[in-house]
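So you can see what is in the structure, the chains are spelled out below.
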Amino acid sequence: MLLRDFFIQLSENNLLNNTAKKYGPKLGAQSVVAGTNIEETIASIKELNAHNISCTIDNLGEFVSNEDEATKAKEQILSVIEAIHENHLNAHISLKPSHLGLDIDVDFCYDNLYEIVEKAASYDIFVNFDMEDHSRLQTSFDMVEELSRTFENVGTVIQSYFYRAKDDIEKFQNLRLRIVKGAYKEPVEVAFQNKLDIDLNFIDLIEYHLLNGKFTSIATHDHNVIAHVKRFVADNNIPNDKFEFQMLYGFRTDMQKALAKEGYNFCVYVPFGEDWYGYFMRRLAERPQNINLVTKKVFTKKTNTVLAVAAGAFVLGRLTKKNK
């Protein structure tokens, strides 16, 4: 848990995020993001589609603090929707409400989300609402619920570290859901702190939605969880068109292709843009073992030199605060 907390702190640090954004390509960002712009990302998605792998596209963004930034993010996502349609990609959208203005004004955010979902619906493109920390959770779920009354192309994420997760998955069982463990630092009042408790709830939620839900996206790199799901769907006669396995872009690529070849639906979470560092650190916080999957590609000598300077400043700042 100490390692998890460390990665979360790194993900929230402005200095490190800005450093990574400035030197992104040089630091090996292309190993964990599909591109810094739409054109690069389309090329990456076409390559994945050629292996019978679908994609969910996330326009990365951190620290959105004004309406202009949120509007720019909305326009970028609308452009991605157009690109999916024009290029006949096997892909859909993932987005974070905070990126579209949730922390600025709820009504403003909802209007942005409505425009995105409406545009996607016109092309029969699914939109998945990523969930964030507990302070944003209920408001985000409320908007998902409201939009689902009008549109059928809306789904969301259930995070297994929350105590409330079972209630939420029962409430939204008629929606397409992605089941994850969770990647934010949450207080004991709202979330499990023990890895075993989170893992057990993760399996419980997956099994519940496979048996009762509309469609289940199982987000994991853990081969043990994947093997368990394979046995569970076989034992319960659950057809392959009711679920998919999902992994992050750049992680366990051989396993991704192998599962697709076996006939399972497989989807890659494809982030793009310059704001890759916070995203990557949260993925390591979610499952620190992930660092072993991409370390050699991302943390090169050049990467370590640049980020070490920024990280040193971060640590020094922490120590200075403590000594005041």
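Residues numbered from 1 in each chain as written. Predicted model: local features only at pLDDT ≥ 70, side-chain atom pairs only at ≥ 80, totals over all residues. Heavy atoms only, no water.

A.B. asks: Just checking my understanding: could you explain the pattern of salt bridges for this structure?
C.D. replies: Any two side chains of opposite charge can pair, so long as their charged atoms come close to each other. Counted under the stated rule, the structure contains 17 salt bridges. A salt bridge links Lys74 to Glu75; its shortest N-O distance comes to 3.8 Å. Classification of Glu75 as partly exposed rests on a relative accessible area of 39%. Notably, a salt bridge pairs Arg136 with Asp103, separated by 2.6 Å at the nearest N-O pair. With Arg136 in helix H6 (residues 134-148) and Asp103 in the loop between strand S2 (91-95) and helix H5 (106-122), this pair connects stretches of sequence that are 33 residues apart. For Arg136, a relative accessible area of 22% corresponds to the partly exposed category. It is possible to trace a salt-bridge network through shared partners that takes in Asp58, Lys96, Asp130 and Arg178. (Salt bridge = Lys/Arg side-chain N within 4 Å of Asp/Glu carboxyl O. Buried < 20%, exposed > 50% of the residue type's maximum accessible area, 1.4 Å probe, protein only. Helix = DSSP H or I, 4+ residues; strand = E, 2+ residues; numbered from the N terminus.)

A.B. asks: Whenever I open this one, the side chain of Asp168 confuses me. Can you help?
C.D. replies: Following the sequence through the fold, Asp168 ends up in helix H7 (residues 165-171). Reaching out from Asp168, the side chain makes a polar contact with the side chain of Arg164 at a distance of 2.7 Å. In this structure, Asp168 is in contact with Phe141 and Ile158, ignoring residues within four places of it in sequence. (Polar contact = N/O pair within 3.5 Å; in protein donor to acceptor, adjacent residues only side chain to side chain. Contact = heavy atoms within 4.5 Å.)

A.B. asks: Whenever I open this one, the nonpolar core confuses me. Can you help?
C.D. replies: A general trend in soluble globular proteins is that nonpolar side chains are found buried together. Ile93, Leu95, Phe129, Leu210, Val229, Phe243 and Phe245 are the most contacted members of the largest nonpolar core, which totals 74 residues. Among the elements that take part in this core, helix H4 (residues 67-86) stands out by supplying 7 residues, more than any other. With residues up to four places along the chain from it excluded, the contact list for Ile93 reads Thr56, Ile57, Ile77, Val80, Ile81, Ile84, Ile125, Phe126, Val127 and Asn128. Formed by 6 residues, the second largest nonpolar core is a distinct cluster that contains Val32, Val33, Leu60 and Leu248. (Core = buried A, V, L, I, M, F, W, Y, C linked by side-chain atoms within 4.5 Å.)

A.B. asks: What should I look at first to understand the pairing of strand S5 (residues 176-180) in this one?
C.D. replies: Moving residue by residue along a regular strand, the side chains alternate between the two faces of the sheet. The buried fraction of S5 amounts to 5 of the 5 residues, a majority that puts the element mostly inside the structure. Of the two faces of S5, the one lined by Arg176, Arg178 and Val180 and the one lined by Leu177 and Ile179 are each fully buried. The pairing of strand S4 (residues 154-159) with S5 spans 5 bridges and is classified as parallel. Its bridge partner lying in S5, Thr156 is registered against Leu177. For the segment spanning S4, H7 and S5, crossover handedness is right-handed. (Pairing = 2+ DSSP bridges. Right-handed = clockwise from strand over helix to strand, strands pointing away.)

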